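A look at the structure
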Amino acid sequence: MQMTDSPTVACPAHNNTDQRKSAAIAIANTQPDEGAHWVKRPSPARKILRSKEARQAGASADLVKFKNPEHAPVFFLDGVDHFNKRRKTQRFLSPTAINNQHFAVMTKVSEDLLRQFRADGRAKLEDLSFSLAIEVVGEILGLTNSDRAARARRIQRVLKASIANAGSSKLSRAWLNLARAWRLGIFFLADVRPAINARKHAPKDDAISVYLEEKYSYFAIVIECLTYGTAGMLTTREFIVMAAWYLFENAALRERFLAGDANDQLAVLMEILRLEPVAAMIHRRVHEPVEGVAEQPLPAGEKYGIDIRAANVDEELAGECPFAVDPDRAKRQQDQGRYLSFGDGPHTCPGWQVALHETRIFLQQLFQVPGIKLEREPDISWNTQLGSYELRNAEISCTSSI
Ligand code: HEM
């Protein structure tokens, strides 16, 4: 089936109406970079992402050259340098690490945040989800030697500055560069340096300890912290709010989620993410001819914008009734259920299981809070730099525990 933007095709077993919350804003804002071919169909999308001849081209990565790959964020690298850099952090993101190390942090931080929520009786959902995401990725990196609340504020500021749009004037660009340098400096001094100093004396099982063992410069370590911050904290903050919104609204889905085992809960979450992927489009430049995008094969060297949202609701990938929320879909298709929500190929998201488990653990606890209620639905906006939706001002309330 050719993907359409808002179909209401009759479906025998499910409601196949397009009810995606982020569809309208995503359609209005998603298009490939200038000169890139728009890839909506799953087969060429996967082929491109898995091609050995594909190079990362998001954030103009195909135009940036790093003299020293150590100083380059993993997202910007390709080939052997990319493989080597990914390998260093892979073990901190593996299912074993999640089981042995991160479950405890995900559970404890969720408990702490929800205890405070119960005492206050009200909270903004995105504040809770961001605090959780900061703590979980922070622990994986080893950012644990500064005051938690102050660290969260600094990370929020440094990430905001690092993805902000400078505007067109020289003055605004200079101002933003200054703001970036200032916030990065403060983040380094207050959070990264204490973490480095502590690990010099007593290495731990975290990424900063490995970077020190590998003799990374301080600058390279800060760059890694920022990369994982952007990739792992900003995305998960949005996804947790989106998943909660679906569960607040859909009683049957919520009951299934709460009654399910870990695998069933993951199936529910991945199905929500399929319909509402946080990353809308990713780019590659491919140094071999590509078939299936245009009528004729396209020559080597072309750039492609892979439309994750379109591919995820194409029947070729999702099966029948692609707009229905159907957590059994993946099992029926003997698929893992990730679809293209976390990308594919060598750059596929290394933190996908971390993101899903922290969401699962947090929501499991959230929906058991007495009197839990969504007082105000989130506003949806678009983050042009990240190419993703943002959900703000989702207010929740509960029976106060005081
Ligand atoms: C719901 C949450 C998340 C979503 C939707 C998501 C999505 C994605 C996608 C689509 C990519 C591929 C980008 C591309 O191919 O151009 C990616 C890459 C990446 N993600 Fe995630 N991600 C999430 C959470 C996380 C977490 C929790 C971490 C870290 C703990 C993380 C770390 C990364 C990194 C480092 C990359 C770059 C990998 C590379 O270029 O080799 N992500 N993510």
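Above this text sits the structure in question.
Residues numbered from 1 in each chain as written. Predicted model: local features only at pLDDT ≥ 70, side-chain atom pairs only at ≥ 80, totals over all residues.

1. Concerning the overall build of the chain
The test is simple: What counts as a helix is a DSSP run of H or I of at least four residues, what counts as a strand is a run of E of at least two, and both are numbered from the N terminus. Atoms considered for the radius of gyration are the C-alpha atoms alone. The globule rule reads 2.2 Å times the number of residues to the power 0.38. With C-beta atoms placed from the backbone, a residue is labelled by how many other C-beta atoms lie within 10 Å of its own: buried for 20 or more, exposed for 12 or fewer, partly exposed between the two. In this description, any two residues whose backbone-derived C-beta atoms lie within 7 Å of each other are considered to be in contact.
Helix and strand content of the chain: 15 helices and nine strands. In summary, the chain has a C-alpha radius of gyration of 21 Å against a globular reference of 21 Å for 402 residues, a match within 12%. For the chain, buried positions account for 40% of its 402 residues. The contacts in the chain between residues at least 6 apart in sequence include a share of 72% that link residues at least 24 apart.

2. A few points about the site of the ligand
The criterion, for reference: We call a residue near a molecule or strand when the C-beta position, derived from backbone atoms, sits within 6 Å of it. Charged means Asp, Glu, Lys or Arg here, nonpolar means Ala, Val, Leu, Ile, Met, Phe, Trp, Tyr, Cys or Pro, and polar covers whatever is left, Gly included.
Contacts to the ligand come from 27 residues, most closely from A231, G232, G343, C349 and G351. Elements that contribute at least two residues to the shell around the ligand include exactly helix 5 (125-141), helix 9 (218-249) and helix 15 (352-366). Looking at the shell around the ligand, the element that brings in the most residues is helix 9, giving seven residues. Here the residues of the shell around the ligand sort into 16 nonpolar, 10 polar and one charged.

3. Describing the sheet that holds strand 2 (residues 54-56)
Keep this limit in mind: At least two DSSP bridges between two strands are required for those strands to pair. Interaxial angle, 0 to 180 degrees, is taken between N-to-C directions of lines fitted to C-alpha atoms, where a helix line uses only the stretch in contact.
Strands sit in the order 1-5-4-2 across an open sheet of four strands; the sheet is mixed. Of all strands in the sheet, those with a lone pairing partner are strand 1 (37-39) and strand 2, marking the two edges. Ignoring which end each strand starts from, the neighbouring axes of this sheet average 35 degrees apart. Both strand 1 and strand 5 (residues 302-307) contribute to a ladder of three bridges, which runs parallel. Bridging across to strand 5, V39 finds its partner in I306. Its contacts with the sheet put helix 2 (residues 42-50) on strand 1, strand 2, strand 4 (281-286) and strand 5, and the angle it makes with strand 5 is roughly 125 degrees.

4. Observations concerning the nonpolar core
The following threshold applies: By convention the nonpolar core is taken to be a set of buried residues drawn from Ala, Val, Leu, Ile, Met, Phe, Trp, Tyr and Cys and joined through C-beta atoms within 7 Å.
Formed by 95 residues in total, the largest nonpolar core has its most connected members in I48, A243, A244 and I306. With 16 residues, helix 9 is the largest single contributor of residues to this core. Of all hydrophobic cores here, the second largest spans six residues; its members include A57, A61, F76 and L77.

5. Overview of helix 9
Under the convention used in this document: Expected span, for any helix, means 1.5 Å times one less than how many residues it has. A residue's bend is simply the angle between two axes: one fitted to the seven residues ending at it, one to the seven starting at it.
Between the first and last C-alpha of helix 9 there are 46 Å, a value that for 32 residues agrees with the 46 Å anticipated at 1.5 Å per step. Of all the bends in helix 9, the largest measures some 30 degrees and sits at G229. Most of helix 9 sits out of view: 23 of its 32 residues are buried.

6. Brief notes about the packing of helix 9 against helix 11 (residues 262-275)
The following threshold applies: The cut-offs work like this: below 35 degrees is roughly parallel, past 145 is roughly antiparallel, 65 to 115 is roughly perpendicular, and the gaps in between are oblique.
Following both chains from N to C, one finds helix 9 and helix 11 inclined at 105 degrees, their axes separated by 10 Å at the closest point. In this view, helix 9 runs roughly perpendicular relative to helix 11, as classed from their interaxial angle. Residues F239, M242, A243 and Y246 of helix 9 form the contact with helix 11, whose participating residues are L269, I272 and L273. Each residue belonging to the contact of helix 9 with helix 11 can be placed in one class, and the counts come to seven nonpolar, no polar and no charged.

7. Here's the deal with the sheet that holds strand 6 (residues 373-376)
Here we have three strands laid out as an open sheet, ordered 3-9-6, and antiparallel in their pairing. Sheet topology places strand 3 (122-124) and strand 6 at the edges, where each strand pairs with a single neighbour. Each neighbouring strand pair of the sheet contributes to a mean axis angle of 35 degrees, computed without reference to strand direction. Judged from the three bridges that link them, strand 3 and strand 9 (residues 395-397) form a sheet pairing that is antiparallel. Bridge assignment links K124 to a residue of strand 9, and that residue is E395. Against the sheet, helix 5 touches strand 3 and strand 9, its axis set at about 65 degrees to strand 3.

8. Structural notes on the packing of helix 4 (residues 95-120) against helix 5
Definition in use: Each crossing gets its hand from how the near helix is turned against the far one by less than a right angle, where anticlockwise is left-handed and clockwise is right-handed.
The contact between helix 4 and helix 5 brings their axes to 10 Å, and the two run at 150 degrees. Relative to helix 5, the element helix 4 lies roughly antiparallel. Considering how the two elements wind past one another, helix 4 and helix 5 form a crossing that is right-handed. In contact with H102, V105, M106, V109, S110, L113 and F117 of helix 4, helix 5 contributes L128, S131, L132, E135, V136, E139 and I140. The residue inventory of the contact of helix 4 with helix 5, partitioned by class, reads nine nonpolar, three polar and two charged.

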